[in-house]
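Next come the chains, spelled out residue by residue.
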Amino acid sequence: MKIAILGLGYVGLTAAACLASQGHTIIGIDPSQTKVDDVLAGRSPIVEPGVAELIAEARERGLITAETSLVAEVASCELAIVCVGTPSAVDGSHNMGYIAEVSRQLAELMKAHPGRNLTVAYRSTVRPGTMEDLVQPIFDSVLGDAASSVELVYYPEFLRESTAVQDYFSPPKIVIGTKTGAPCETLDKINVGIDAPVFYVRYPESEITKFVDNSFHAVKIVYANEIGRVCAQLGINAAEVHQIFVSDTKLNISPYYLRPGGAFGGHVFPRTFVLCSISRVVQVASRI
Ligand SMILES: NC(=O)c1ccc[n+]([C@@H]2O[C@H](COP(=O)([O-])OP(=O)(O)OC[C@H]3O[C@@H](n4cnc5c(N)ncnc54)[C@H](O)[C@@H]3O)[C@@H](O)[C@H]2O)c1
């Protein structure tokens, strides 16, 4: 498949390298001349295990090229994957400027090439509502009735830096958000052979997925550190406690107690406050 990738950072370049290794033809777009020059020279502009080798091989096989702006050839691609940055501001909000800009550029390109069809899959992390309130209106306003020639999909990325290639081919899950929650044939084609559960949902459910995952990971880290602090203050071996805790995949590392619903109660759970109390006493004591 001929695929355009917009944004050659960690996410975009890893996708470019992995998709080219599967035989797809890639046009990478990034305003950074340095990144484009690197790719054209068969080098990786990012430091990520495995990516440099895959980019060199893809360049040798003539499967990857790169440009600093959208070229007409992108209109002949079956799929465009948007991987531009969505940096956070100090107040916690996300800058959606690059998403808006790239959407407008793609819409203008498709307007200049009537009769062509393109699936545009957004991999950047976007806040819920972005597809319906920002992206779709841009395509509608530029293309009018011809907006149906573009299929918009939200396709969150779950890779981790340092294991990005491995995570690309073996993700924890594949989440695909479409307008109605119906499947997207183009993404199904690029995911053939990837062994992961696939969830087709509407845009908002797919957009919130990354925030739910990342906030849970943050909760886990804070919780683990808090337990570690309490153990340290009480002279308890935190590593042993950790081993016991994670060995329990029935109630601890499991879907139990995670379904949204009622508050907790009964005889047992309120006693967890004892731990919180210990932690507070320890904290207060350590300040004396
Ligand atoms: N890095 C990660 O581990 C990771 C994991 C999952 C999701 N994400 C999300 O994926 C997105 C990209 O992350 P990243 O780490 O690759 O970011 P990055 O900053 O490394 O790369 C973004 C790239 O987009 C390019 N760009 C900006 N405007 C452009 C335009 N108009 N056309 C083409 N390219 C343009 C920039 O030059 C830059 O090279 C973010 O939303 C991020 O939150 C990142």
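Just so you know, the residues in each chain are numbered from 1, in the order the chain's sequence is written. Local features are withheld for residues below a pLDDT of 70 in this predicted model, meaning they are given only at 70 or higher, and side-chain atom pairs are given and counted only at 80 or more; totals for whole chains, interfaces and linings count all residues. Note that water and hydrogens are dropped before the side-chain values are worked out from all heavy atoms of the structure.

S.K.: Let's hear about the nonpolar core: which residues, and what values?
M.R.: For our purposes a nonpolar core is just a set of buried Ala, Val, Leu, Ile, Met, Phe, Trp, Tyr and Cys residues, chained together by side-chain atoms within 4.5 Å. Burial status follows relative accessibility: with a 1.4 Å probe on protein chains alone, a residue under 20% of its type maximum counts as buried, one over 50% as exposed, and anything between as partly exposed. Counting residues in each nonpolar core, the largest one holds 36 residues, and the members touching the most others are Ile3, Ile5, Leu19, Ile26 and Leu187. In terms of residues, this core owes the most to one element, helix H1 (residues 10-21), which gives seven residues. Among all residues touching isoleucine 26, those that are not within four sequence positions of it are Ile3, Ile5, Ala16, Leu19, Ala20, Leu63, Ile64 and Thr65. Counting residues in hydrophobic clusters, the runner-up holds 32 residues, among them Ile29, Cys77, Leu118 and Tyr203. Runs of H or I in DSSP of at least four residues are treated as helices and runs of E of at least two as strands, each being numbered from the N terminus. Should any heavy atoms of two residues lie within 4.5 Å, those residues are considered in contact.

S.K.: Got a sec to walk through the layout of surface pockets? Specific residues and values, please.
M.R.: Over the atoms, a rolling probe the size of a water molecule traces out where space has been left empty. Taken as a whole, the second largest pocket encloses approximately 1,100 Å³ of empty space. When residues of the lining of the second largest pocket are traced back to their parent elements, those giving at least two are H1, helix H4 (97-111) and helix H8 (203-234). The leading source of residues in the lining of the second largest pocket is H8, at seven residues. Residue composition of the lining of the second largest pocket, grouped by class: 17 nonpolar, 12 polar and 10 charged. Buried and open spaces are told apart on a 1 Å grid over the protein atoms alone, a cavity being a set of points where a 1.4 Å probe fits but cannot get out and a pocket being an open set with protein on both sides within 12 Å along at least five of seven lines. Residues with an atom within 4 Å of a point are the lining residues. Grid points are joined across faces, edges and corners, and a volume is the space filled by probe spheres set on the points. Note on residue categories: nonpolar means Ala, Val, Leu, Ile, Met, Phe, Trp, Tyr, Cys or Pro, charged means Asp, Glu, Lys or Arg, and polar means any other residue, Gly included.

S.K.: An account of the pairing of strand E1 (residues 2-6) is needed here, citing residue identities and associated values.
M.R.: Of all five residues in E1, four are buried, a share of seventy percent or more. Note on the crossover from E1 through H1 to strand E2 (residues 25-29): the handedness is right-handed. Two strands are said to pair when DSSP picks up at least two bridges between them. Strand direction decides the pairing type here: E1 and strand E4 (residues 79-82), joined by four bridges, are parallel. Paired with isoleucine 3 across the bridge in E4 is leucine 79. Assignment of crossover handedness uses the view with strands pointing away from the viewer, where a clockwise path from the first strand over the helix to the second indicates a right-handed crossover.

S.K.: Any chance you could break down the site of the ligand for me, citing the residues and the numbers?
M.R.: We call a residue near a molecule or strand whenever a single non-hydrogen atom of that residue lies within 4 Å of it. In the neighbourhood of the ligand, 22 residues make up the surrounding shell, with Val11, Asp30, Lys35, Thr86 and Thr125 lying closest. Separating a nitrogen atom of the ligand from a side-chain N or O atom of glutamate 101 is a distance of 3.5 Å. For the ligand, a nitrogen atom lies 2.9 Å from a polar atom in the side chain of glutamate 161. Each accessible area value is a Shrake-Rupley result obtained with a 1.4 Å probe; residue values ignore everything except the protein chains displayed when judging cover. Starting from 840 Å² of accessible surface for the ligand in isolation, the protein chains cover 78%. Judged by the fraction of its atoms near the pocket grid, the ligand is located in the second largest pocket. Elements represented by at least two residues in the shell around the ligand include exactly H1 and H4. A total of four residues in the shell around the ligand trace back to one element, the largest contributor, which is H4. Polar contacts, as used here, are pairs of N or O atoms within 3.5 Å; protein pairs need one atom able to donate a hydrogen and one able to accept it. Residues neighboring in sequence count only if both atoms are side-chain atoms. The rule for placing a molecule in a cavity or pocket is simple: more than half of its atoms must lie within 2 Å of the grid points.

S.K.: Describe the pattern of salt bridges, naming the residues involved and giving the relevant values.
M.R.: Here, a salt bridge means any side-chain nitrogen of Lys or Arg that lies within 4 Å of a carboxyl oxygen of Asp or Glu. Tallied over the full model, the rule gives nine salt bridges. The partner of glutamate 78 in a salt bridge is lysine 189, with the nearest N and O atoms 2.7 Å apart. Placement of glutamate 78 in the loop between strand E3 (64-67) and E4 and of lysine 189 in helix H7 (residues 185-190) is noted, with a sequence separation of 111 residues between them. Its salt-bridge partner being glutamate 226, residue arginine 229 comes within 3.4 Å of it at the nearest N-O pair. Of this pair, arginine 229 and glutamate 226 both sit in helix H8, three residues apart, roughly one helical turn.

S.K.: How would you summarise the packing of H8 against helix H9 (residues 238-247) if you had to cite specific residues and measurements?
M.R.: Across the interface, H8 lies against H9 with an axial gap of 9 Å and an inter-helix angle of 135°. Taken together, the axis directions place H8 and H9 in an arrangement best described as oblique. Of the two elements, H8 crosses H9, and the hand of that crossing is right-handed. Residues Tyr223, Ile227, Gly228 and Cys231 of H8 form the contact with H9, whose participating residues are Ala238, Val241 and Phe245. For the contact of H8 with H9, a count of residues per class yields six nonpolar, one polar and no charged. Structural elements are reduced to axes, namely lines fitted to C-alpha atoms, with helices fitted over the stretch in contact, and the angle between N-to-C directions of any two is expressed from 0 to 180 degrees. Angular relationships are summarised with four words: roughly parallel below 35 degrees, roughly antiparallel beyond 145, roughly perpendicular across 65 to 115, and oblique for the angles in between. By convention the crossing between two helices is left-handed if the near helix lies anticlockwise of the far one by an angle smaller than a right angle, and right-handed if it lies clockwise.

S.K.: I'd love a proper account of the side chain of arginine 123, names of residues and values included.
M.R.: Among the structural elements, arginine 123 can be located in the loop between strand E5 (118-122) and helix H5 (130-143). Residue classification places arginine 123 among the buried positions, given a relative accessible area of 8%. In this structure the side chain of arginine 123 is engaged in a polar contact, spanning 2.9 Å, whose partner is the backbone oxygen of proline 156. Residues in contact with arginine 123, not counting those within four places in the same chain, are Val11, Ile81, Val82, Cys83, Tyr154, Tyr155, Pro156, Glu157 and Tyr168.

S.K.: Describe in detail the packing of aromatic side chains, supporting the description with residues and values.
M.R.: For this analysis, a ring pair means two rings from Phe, Tyr or Trp (six-membered ring only for Trp) whose centres lie within 6.5 Å, classed as stacked if their planes differ by under 30 degrees, edge-to-face if by over 60, and tilted for the remaining angles. A full pass over the atoms with the stated rule returns three aromatic pairs. Considering the side-chain rings of tyrosine 223 and phenylalanine 245, the 6.2 Å spacing of their centres and the 45° angle between planes classify their relative orientation as tilted. Highlighted residues: tyrosine 223 in helix H8 and phenylalanine 245 in helix H9, separated in sequence by 22 residues. The exposure class assigned to tyrosine 223 is partly exposed, which follows from its relative accessible area of 43%. The ring of tyrosine 155 has arginine 123 sitting right over it, with the charged end atom 3.6 Å from the ring centre. Cation placement over rings: the criterion is NZ of Lys or CZ of Arg within 6 Å of the ring centroid and within 35° of the ring normal. Sitting above the plane of the phenylalanine 158 ring, lysine 173 keeps its charged end 4.2 Å from the centroid.

S.K.: A description of a nonpolar patch on the surface should follow, citing residues and the corresponding values.
M.R.: Put simply, a patch holds well-exposed residues, over 30% relative accessible area, that have no salt bridge, with like charges counted together within 9 Å and Val, Leu, Ile, Met, Phe, Trp or Tyr side chains within 5 Å. The grouping of Leu251, Tyr256, Tyr257, Phe264, Val268 and Phe269 at the surface amounts to a nonpolar patch, some 640 Å² of accessible area in total. Topologically, valine 268 is positioned in the loop between H9 and helix H10 (272-287). We classify valine 268 as exposed; its relative accessible area is 55%.

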